[in-house]
Amino acid sequence: MRNKIIHILLMLMTVTAFTGCYSHKPKTSGAMSKLTSYSQHQIDSISFSSTHHYTNGYNFVVKSDSIMLIRQQPEEYLSHLPTDSFAIHKHQHVVVADIRELPNDNVDSIWIQLATADYRFGWVHESRMIKNVVPDDPISQFISTFSDVHLLIFLIVIVVISLFYLIRKISSQRAHIVHFNDIRSFYPTFLCLLVACSATLYALIQMYAPQVWQHFYYHPTLNPFSQPLIMEVFLSSVWLMLIVGLAAVDDARHQLPAGEALLYTAGLAAVCAFDYIVFSLTTLYYVGIPLFFVYLWYALRQYYHHSRYIYVCGNCGALLRRKGRCPHCGMMNE
């Protein structure tokens, strides 16, 4: 147990070492004087970017089947004049060419002009655009895909089927699985707790700091130490999940035969997916935090009573959970 704690502390020190990869830019006292030298259009663009987190020149990728853009000016459309439109399709790259605010528009006062790679320009309501595009960044695209409701439903179905299969497998063959018949490692339990904690924190960010999450969505980074404190904690937990997950898989590979190790890893992934779904959803209804502490107590209790090996057989040297007859050689240990 002491060695495991040392390993965890070393991993935390490794993550903390990444702080050297980021240096804060010095604050300039002449920021207001520089702002006065900007044109009104530039000031409006900066103001829009501070609230919407993107501005002119920002790149998007179409994620829906198509978006209809109007070639004429938005004022012509609102005046019911004849207009022409064209479609941009899925996976097509576009860039924000202009932004216009029309207070007399009852649908959406913000209009966005998009430019395509073949030099076509068209206008669309911001509310319609946001639903059908994703920032041109792999991290943002992963967040969009992972947050998709269809993927969430698919994960729920997969988790239910996997857990049902594993329960049947465990009851018939006494297969290894985290929290019930775990291997001699704290990493799987630690990984499940990390996933549950990260899912809870993710939901809390969505509820109480949506602007922070939206800014990260439009300007993602893998460096946790260039973000606000709550995002630093969340991104650090994601990195730690990756490290602990690799350690858990490595321990399973060394302690179990190949087939059992693969089954155990699949079960661990199913439990982690279940934790993510449960805690990310229940936190939105204000029961996720107390539920997390209950889960923390249960996971640690299960590990302490069922997965911690503190004795060694005096005959064959096998690790034992408790005193008594050794299951490997049959020797009685008192």
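A brief structural summary. Note that the structure is predicted; figures quoted are calculated from it, not measured.

1. Re the overall build of the protein chain
Then comes step 1: Counting its secondary structure elements, the protein chain contains 12 helices and 11 strands.
Then comes step 2: Evaluated residue by residue, the protein chain yields a buried proportion of 39% over its 334 residues.
Then comes step 3: In the protein chain, 59% of the contacts between residues at least 6 apart in sequence involve partners at least 24 apart.
Then comes step 4: Total accessible area on the protein chain is roughly 19800 Å²; 63% of this is exposed by carbon and sulfur atoms.

2. Here we look at the nonpolar core
Side chains of nonpolar character tend, in soluble globular proteins, to be buried together.
Then comes step 1: Of all hydrophobic cores here, the largest spans 65 residues; its most connected members are Tyr 54, Phe 60 and Leu 114.
Then comes step 2: Residue contributions to this core peak at 12 residues, all from helix H8 (residues 187–208).
Then comes step 3: If near-sequence neighbours (up to four positions away) are discounted, Tyr 54 is found in contact with Phe 48, Ser 49, Phe 60, Val 96, Ile 112, Glu 126, Met 129, Ile 130 and Tyr 218.

3. Re the state of the cysteines
Then comes step 1: Applying the stated rule across the entire model yields zero disulfides.
Then comes step 2: Cys 272 supplies the cysteine sulfur nearest to Cys 192, a cysteine that is in no disulfide, at a spacing of 4.1 Å.
Then comes step 3: Assessed through its relative accessible area of 0%, Cys 192 is described here as buried.

4. With respect to the side chain of His 125
Then comes step 1: Inspection of the secondary structure assignment puts His 125 in strand E6 (residues 121–125).
Then comes step 2: When sequence neighbours within four positions are dropped, the list of residues in contact with His 125 reads Asp 105, Val 107, Asp 108, Ile 110 and Trp 111.

5. Remarks on the packing of aromatic side chains
Then comes step 1: In this structure the tally under the stated criterion is 17 aromatic pairs.
Then comes step 2: Counting every residue linked through ring pairs, the aromatic cluster contains Tyr 54, Tyr 58, Phe 60, Tyr 217 and Tyr 218.

6. Comments concerning the packing of helix H9 (residues 210–218) against helix H10 (residues 229–255)
Then comes step 1: Contact geometry for H9 and H10: axes closest at 10 Å, N-to-C directions at 60 degrees. Taken together, the axis directions place H9 and H10 in an arrangement best described as oblique. Crossing geometry of H9 relative to H10 is assigned as right-handed. In this structure, H9 contributes Val 212, Trp 213 and Phe 216 to the contact, and H10 contributes Ile 230, Met 231, Phe 234 and Leu 235.

7. Examining the side chain of Asp 182
Then comes step 1: With respect to the helices and strands, the residue Asp 182 is situated in the loop between helix H7 (149–173) and H8.
Then comes step 2: What makes Asp 182 buried here is its relative accessible area of 0%.
Then comes step 3: Within the structure, the side chain of Asp 182 is placed 2.4 Å from the side chain of Tyr 264, a separation counted as a polar contact.

8. Let's talk about the pairing of strand E3 (residues 85–89)
Then comes step 1: Only one face of E3 is buried, namely the one carrying Phe 86 and Ile 88, since none of Ser 85, Ala 87 and His 89 on the opposite face is buried.
Then comes step 2: Bridge analysis of strand E2 (residues 66–70) against E3 gives five bridges, and the strand direction is antiparallel. Each bridged residue has a counterpart across the sheet, and for Ile 70 the counterpart in E3 is Ser 85.

9. Looking at the pattern of salt bridges
Then comes step 1: Scanning all chains against the criterion turns up five salt bridges.
Then comes step 2: For Arg 71, the salt bridge identified is with Asp 84, shortest N-O distance 3.1 Å. Residue Arg 71 is found in the loop between E2 and helix H4 (74–78), and its partner Asp 84 is found in the loop between H4 and E3; the two are separated by 13 residues along the sequence.
Then comes step 3: According to the relative accessible area criterion, Arg 71 is partly exposed, its value standing at 39%.
Then comes step 4: On the basis of relative accessible area, Asp 84 is assigned to the partly exposed category, the value being 38%.
Then comes step 5: With a closest N to O distance of 3.1 Å, Arg 100 and Glu 75 form a salt bridge. Taken together, the residues span a long stretch of sequence, with Arg 100 in strand E4 (residues 93–101) and Glu 75 in helix H4 at a distance of 25 residues.

10. Looking at the layout of surface pockets
Then comes step 1: Estimated volume of the largest pocket: approximately 1000 Å³.
Then comes step 2: Lining of the largest pocket is provided by 30 residues; of these, Phe 142, Phe 146, Phe 234, Val 238 and Met 241 occupy positions nearest its centre.
Then comes step 3: Of all elements in the fold, only helix H6 (138–146), H8, H9, H10 and helix H11 (258–282) reach the threshold of two or more residues within the lining of the largest pocket.
Then comes step 4: Looking at the lining of the largest pocket, the element that brings in the most residues is H10, giving nine residues.
Then comes step 5: Tallied by class, residues from the lining of the largest pocket come to 25 nonpolar, five polar and no charged.

11. A word on H6
Each α-helix turn comprises 3.6 residues. Residues three or four places apart therefore point the same way.
Then comes step 1: Taken residue by residue, H6 has Ser 140, Ile 143 and Ser 144 as its buried positions. Seen end-on, H6 carries its buried residues on one side only, within an arc spanning 100 degrees. More than 90 degrees from the buried face of H6, the exposed residues found are Pro 138, Phe 142 and Thr 145.
Then comes step 2: On its buried side, H6 packs onto strand E7 (133–135) and H9.
Then comes step 3: The backbone nitrogen of Ile 139 has a side-chain oxygen 2.9 Å away, supplied by the residue at the start of H6, namely Asp 137.

12. Notes on the pairing of E4
Then comes step 1: Note: strand E1 (residues 59–62) against E4, three bridges, orientation antiparallel. Looking at the pairing, Phe 60 lines up with Val 94 of E4.
Then comes step 2: Summarising the sheet, E4 and strand E5 (residues 110–116) pair through seven bridges and their orientation is antiparallel. Within E5, the position partnered with Val 95 by the bridge is Ala 115.

Calculation criteria
Residues numbered from 1 in each chain as written. Predicted model: local features only at pLDDT ≥ 70, side-chain atom pairs only at ≥ 80, totals over all residues. Heavy atoms only, no water. Helix = DSSP H or I, 4+ residues; strand = E, 2+ residues; numbered from the N terminus. Buried < 20%, exposed > 50% of the residue type's maximum accessible area, 1.4 Å probe, protein only. Contact = heavy atoms within 4.5 Å. Areas by Shrake-Rupley, 256 points an atom, 1.4 Å probe, with all protein chains shown as cover. Core = buried A, V, L, I, M, F, W, Y, C linked by side-chain atoms within 4.5 Å. Disulfide = S-S within 2.5 Å. Phe/Tyr/Trp six-rings, centres within 6.5 Å; stacked < 30°, edge-to-face > 60°. Axes fitted to C-alpha atoms, helices over the stretch in contact; angles between N-to-C directions. Parallel < 35°, antiparallel > 145°, perpendicular 65-115°, else oblique. Left-handed = near helix turned anticlockwise from the far one by under 90°. Polar contact = N/O pair within 3.5 Å; in protein donor to acceptor, adjacent residues only side chain to side chain. Pairing = 2+ DSSP bridges. Salt bridge = Lys/Arg side-chain N within 4 Å of Asp/Glu carboxyl O. 1 Å grid on protein atoms, 1.4 Å probe; cavity = no way out; pocket = protein on both sides within 12 Å on 5 of 7 lines; lining within 4 Å. Points joined across faces, edges and corners; volume = space filled by probe spheres on them. Nonpolar A, V, L, I, M, F, W, Y, C, P; charged D, E, K, R; others polar. Arc of directions from axis to C-beta.

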